[in-house]
Amino acid sequence: MHEQGVPFVVASGNSMARLLRIFGPDAQDTFFVADNGAHIYQNGQTLFRYQLPLDLIGEVVAYYGDRLKSLCFMLAHEAGLYMLEGSNRSFADFKAIDQEQMQAFYRKISYLEKLEPVSDKPYFKMGMWAPEAEVDAVIDECNRVFAGKIHAVTSGFGSIDLLPVGIHKAFGIRRILQELQVEAADIVAFGGNDNDLEILELAGLAYSVGHASDRVRQVADHHLATNEQSSVLKEMDRLLSSQ
């Protein structure tokens, strides 16, 4: 792609640290939109990062109260993340991440008796986990209670991100498009989870992938098979060869 002058952007709900572990040396010249649009990164430099307002964090912590543990509420900062003691039970059977990456995730967690964000430390992300059968109800409740302030969205496997309204993958993509002077109509996007909706709606050509949610399928122009069949890579090769 780089040889043909086509920029490549990885947009994910994952943290930048995890994305760098996944991509390794292949990250050179790649744009990253991490944390669902809150962190834009390229070639070892952070180009943009959104910091959560302390009062918003306080409202969320106060509302969920005793449920912070059962929902595995997490609060991410620069060096890792905070969770309440006893909140890790939901990760016992989590199969979306291999064991090595899961252990790296565990090492970043500091377990606290009480969540009390302090003003001298920046916070970048709030999230929760719930059994997949309960995810829609948890999201609906959060979006109702915090309407106009937070947009909760799932990134799959029971993971729920609590995003400030206006922060999403398309927000990050738009900032990159402005820098590159590229029109949204000229981009191709692939996605499968509800945190991909805004970017698929933005793109000139949008693909849903594998077991995509119904919402994603509705906004996509085409649907591809699962990644186990390398469907995205094959379609990217086809599009590049047709240029």
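Read on for an overview of the structure. (Residues numbered from 1 in each chain as written. Predicted model: local features only at pLDDT ≥ 70, side-chain atom pairs only at ≥ 80, totals over all residues. Heavy atoms only, no water.)

**Remarks on the overall build of the protein chain**
Assigned secondary structure in the protein chain consists of nine helices and 13 strands. For 243 residues, the compact-globule formula gives about 18 Å, and the C-alpha radius of gyration of the protein chain, at 18 Å, lands near that figure. Along the longest, intermediate and shortest principal axes, the C-alpha atoms of the protein chain span 55 × 40 × 35 Å. In the protein chain, buried positions account for 47% of the 243 residues. Across the protein chain, contacts joining residues at least 24 apart in sequence account for 51% of those joining residues at least 6 apart. If you sum the accessible surface of the protein chain, you get close to 13,000 Å²; carbon and sulfur atoms cover 48% of it. For the protein chain, the separation between the mean place of its 21 positive charges and that of its 33 negative charges on side chains is 4 Å. (Helix = DSSP H or I, 4+ residues; strand = E, 2+ residues; numbered from the N terminus. Rg over C-alpha atoms; globule rule 2.2 N^0.38 Å. Buried < 20%, exposed > 50% of the residue type's maximum accessible area, 1.4 Å probe, protein only. Contact = heavy atoms within 4.5 Å. Areas by Shrake-Rupley, 256 points an atom, 1.4 Å probe, with all protein chains shown as cover. Lys, Arg positive; Asp, Glu negative; His and termini not counted. Charge placed at Lys NZ, Arg CZ, Asp CG, Glu CD.)

**A few points about the environment of Pro-53**
With respect to the helices and strands, Pro-53 occurs in the loop between strand S4 (45-49) and helix H2 (54-64). Sequence spacing of Pro-53 and Pro-122 is 69 residues, and the spatial spacing of their C-alpha atoms is 8.7 Å.

**A short note on unusual backbone geometry**
One can expect most non-glycine residues to show negative phi and most peptide bonds to be in trans. Unusually for a residue other than glycine, Asp-29 sits at a positive phi of about 70°. Relative to the helices and strands, Asp-29 resides in the loop between helix H1 (16-23) and strand S2 (31-34). Judged by relative accessible area, Asp-29 falls into the partly exposed class, the value being 36%. One non-glycine residue, Asn-43, lies in positive phi territory at about 50°. Residue placement: Asn-43 occurs in the loop between strand S3 (39-42) and S4.

**Digging into the pairing of strand S5 (residues 74-77)**
Residue alternation in S5 divides its side chains into two sets, Met-74 and Ala-76 and Leu-75 and His-77, and both sets are buried. In this sheet, strand S8 (residues 123-129) lies alongside S5 in antiparallel orientation, the contact comprising four bridges. Paired with His-77 across the two strands is Tyr-123, which belongs to S8. In the sheet, S5 pairs with strand S6 (residues 81-84) via two bridges, with the strands oriented antiparallel. (Pairing = 2+ DSSP bridges.)

**Observations regarding the packing of aromatic side chains**
For the coordinates displayed, the defined rule picks out eight aromatic pairs. Plain terms: the ring middles of Phe-23 and Phe-32 are 5.5 Å apart, the flat faces sit at 75° to each other, and that makes the pair edge-to-face. Looking at Phe-23, the relative accessible area reads 26%, which means it is partly exposed. Where Phe-190 meets Tyr-207, the ring centres are 4.9 Å apart and the plane angle is 15°; that geometry is what we call stacked. Here Tyr-207 lies in strand S12 (residues 205-209) and Phe-190 lies in strand S11 (residues 188-191), a separation of 17 residues in the sequence. A relative accessible area of 24% places Phe-190 in the partly exposed class. Between the NZ or CZ atom of Arg-49 and the centre of the ring of Phe-124, over which it lies, the distance is 3.6 Å. Lying across the ring of Phe-48, Arg-175 places its NZ or CZ 4.0 Å from the centre. (Phe/Tyr/Trp six-rings, centres within 6.5 Å; stacked < 30°, edge-to-face > 60°. Lys NZ or Arg CZ within 6 Å of the ring centre and 35° of its normal.)

**A short note on the nonpolar core**
Among the nonpolar cores identified, the biggest contains 26 residues, and Phe-73, Met-126, Ile-160 and Leu-162 are the most heavily contacted of them. In contact with Leu-162, other than residues within four places in its own chain, are Val-60, Phe-73, Met-126, Gly-127, Met-128, Cys-142, Ile-150, His-151 and Ala-152. Counting residues in each nonpolar core, the second largest holds 19 residues, with Phe-31, Ala-170, Ile-173 and Ala-189 among its members. (Core = buried A, V, L, I, M, F, W, Y, C linked by side-chain atoms within 4.5 Å.)

**Re the pattern of salt bridges**
Scanning all chains against the criterion turns up nine salt bridges. We note a salt bridge from Glu-78 to Arg-49, for which the minimum N-O separation is 3.0 Å. One end of the pair, Glu-78, is in the loop between S5 and S6; the other, Arg-49, is in strand S4, with 29 residues separating them in the sequence. Exposure remark for Glu-78: the relative accessible area of 55% places this residue in the exposed category. The partly exposed category is assigned to Arg-49, whose relative accessible area is 26%. For Arg-215, the salt bridge is made with Asp-194, and the minimal N-O distance between the two is 2.6 Å. With Arg-215 in helix H8 (residues 214-219) and Asp-194 in the loop between S11 and helix H7 (197-202), the pair connects residues that are 21 residues apart, well separated along the chain. Among the residues examined, Arg-215 registers a relative accessible area of 42% and is labelled partly exposed. Asp-194 sits in the buried class, given a relative accessible area of 9%. Connected through shared salt-bridge partners, Asp-35, Lys-125 and Asp-161 make up one network. (Salt bridge = Lys/Arg side-chain N within 4 Å of Asp/Glu carboxyl O.)

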